[in-house]
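Coordinate analysis (summary)
Given next are the chains, with one letter for each unit.
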Amino acid sequence: MSAPARTVAFVDGVRTPFGKAGDKGIYANTRADDLVVKVIRELLRRHPELPAERIDDVAIAATTQTGDQGLTIGRTAALLAGLPKSVPGFAIDRMCAGAMTAVTSVAGGIAFGAYDVALAGGVEHMGRHPMGEGVDPNPRFLSDKLVDPSALVMGQTAENVHDRYPAITKERCDAFAVRSQERFADAVKADQIGPELVPVATRHPELGWDLATEDEPPRPGTTMESLAGLKTPFRPHGRVTAGNAAGLNDGATGALLAGEDTARELGLPVGMRLVGYSFAGVEPEVMGVGPVPATEKALARAGLSIADIDLFEINEAFAVQVLAFLDHFGIAEDDTRVNAWGGAIACGHPLASSGVRLMTQLSRRFAERPDVRYGMTTMCIGIGMGGTVIWENPHWEGNK
């Protein structure tokens with residue numbers, strides 16, 4: 001007879017400030033694995049009640065697993081961070097949902113009883129390793145017409161979503177982008193964004209040392225007028241621009257997860273409880289719609305409906321992808337339940353790291369909203385997928 005699954009607790013999450021990819025970005029001369037080391041060490045620093053030897057595994061995601069993002073980065077970063085050599089680690093790749101999959105993977109181990117405590121996160125240094133670097137797609141994808149050629153270029157897939165849903169206009173996407181920038185700027189001013197950031201020492205060959213303490217990508221003061229004239233690089237007279245999509249970014253995230261019983265034993269806080277999760281596949285050429293079937297699947301398995309979800313953290317890879325989700329579920333695009341503190345269009349999207357940013361932000365929003373019971377983190381994933389994780393608020397007033 002199998003034992004009942006344990007309750008999985010999201011204890012805490014942190015991240016580095018996100019930088020702009022490229023030679024002028026804050027992390028141009030910083031290694032990807034060192035960014036992971038920073039988040040691991042910060043989680044341990046914030047939770048001295050956790051003996052390092054109690055960590056059962058370290059799962060770190062990267063989309064481009066080469067160079068300083070290769071060599072089984074979960075293990076190597078754990079060693080570099082000073083964890084005991086008895087602590088194992090591994091690497092994960094599910095493109096943009098890498099960190100999300102790292103969390104769900106170790107959560108399964110916790111629920112099953114194989115782990116008590118685990119670390120999960122992700123990193124992407126798109127300045128050093130652009131998406132697709134060194135890959136060799138099988139020619140049969142195109143010769144056998146398994147996918148549309150546009151499926152391999154994420155910006156083109158976003159244009160395809162526009163084609164499929166003509167009611168989602170460029171103007172709506174630009175308005176959503178402006179709102180993301182405004183909400184993020186307001187959250188920074190209110191100290192809602194910031195406490196989860198880990199300062200990172202950076203070095204420029206000519207300017208010397210500096211300290212990264214805030215996100216580099218945000219563009220406060222963005223207006224509809226400033227977005228209207230931006231180029232549409234993926235299609236002439238298209239609708240996807242640098243203003244209504246996330247940029248190319250560098251950064252790392254990390255989360256501490258535990259069985260709720262172990263968290264109570266060690267005196268660790270419980271930021272969220274895992275309710276359920278699902279991943280789903282869609283046509284690769286419209287990968288942006290992936291969160292819709294993933295969410296429907298997760299809700300069905302959890303015995304919930306979309307009406308039960310009161311807080312949403314939706315990754316803003318492209319505004320059109322978020323709006324397709326909201327339109328499908330009948331949610332207003334300015335609904336304050338959705339990305340109330342802004343999202344990736346403002347702060348950036350270092351691919352494999354972003355899933356834990358969403359979770360960390362939701363956990364912090366839960367702490368402010370004891371009236372809310374359920375929340376959701378969801379994102380689209382390259383090559384035609386979506387991922388959704390449903391969480392319960394341990395501070396919910398109904399628990400009292």
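Every chain is numbered independently, its residues counted from 1 as its sequence is written. Restriction of local features to residues with pLDDT of at least 70 applies here, the model being predicted, together with a cutoff of 80 or more for giving and counting side-chain atom pairs; totals for whole chains, interfaces and linings are based on all residues. Excluding hydrogens and water, the side-chain values take into account all heavy atoms of the structure.

1. Here's the deal with empty space enclosed by the protein
Note on definitions: the grid is 1 Å and covers protein atoms alone; a cavity is a set of points where a 1.4 Å probe fits but cannot get out; a pocket is an open set with protein on both sides within 12 Å along at least five of seven lines; lining residues have an atom within 4 Å of a point. Grid points are joined across faces, edges and corners, and a volume is the space filled by probe spheres set on the points. For the structure on display, the rule yields two cavities of 30 Å³ or more. Taken as a whole, the largest cavity encloses approximately 50 Å³ of empty space. Along the walls of the largest cavity sit Phe176, Arg179, Ser180, Arg183, Glu316, Glu333, Val338 and Asn339, which together make up its complete lining. Note on residue categories: nonpolar means Ala, Val, Leu, Ile, Met, Phe, Trp, Tyr, Cys or Pro, charged means Asp, Glu, Lys or Arg, and polar means any other residue, Gly included. Here the residues of the lining of the largest cavity are counted per class, giving two nonpolar, two polar and four charged. A volume near 40 Å³ is recorded for the second largest cavity. The wall of the second largest cavity is formed by Arg15, Gln192, Ile193, Glu196, Trp341, Arg357, Thr360, Gln361 and Arg364. Put simply, DSSP H or I for four residues or longer makes a helix, DSSP E for two residues or longer makes a strand, and each gets a number counted from the N terminus. The leading source of residues in the lining of the second largest cavity is helix H12 (residues 354-368), at four residues. In terms of residue class, the lining of the second largest cavity is built from two nonpolar, three polar and four charged.

2. Quick word on the packing of helix H1 (residues 32-46) against helix H2 (residues 73-80)
Look at H1 against H2: their axes get within 9 Å of each other, and the N-to-C directions meet at 65°. For the element pair H1 and H2, the recorded crossing hand is right-handed. Across the interface between the two elements, Asp33, Val36, Val37, Ile40 and Arg41 from H1 touch Ile73, Ala77, Ala78 and Leu80 from H2. Taken together, the residues that form the contact of H1 with H2 break down as seven nonpolar, no polar and two charged. Note on definitions: angles span 0 to 180 degrees between N-to-C directions of axes, and those axes are lines fitted to C-alpha atoms, for helices only across the stretch in contact. Throughout, a crossing is termed right-handed when the near helix is turned clockwise from the far one, and left-handed when it is turned anticlockwise from it by less than a right angle. When checking whether two residues touch, look at their non-hydrogen atoms; a contact exists if any pair is within 4.5 Å.

3. A closer look at the layout of surface pockets
Gaps between atoms show up when a probe of the same size as a water molecule is rolled over them. Considered as a void within the structure, the largest pocket measures approximately 610 Å³ in volume. Surrounding the largest pocket, 30 residues form its lining, Met126, Phe234, Ala246, Gly247 and Leu248 being those nearest its centre. The set of elements that each furnish at least two residues to the lining of the largest pocket consists of helix H5 (154-164) and helix H11 (344-347). The biggest single contributor to the lining of the largest pocket is H11, with three residues. Classifying every residue of the lining of the largest pocket gives 22 nonpolar, six polar and two charged.

On their own, these measurements won't tell you what the molecule is for.
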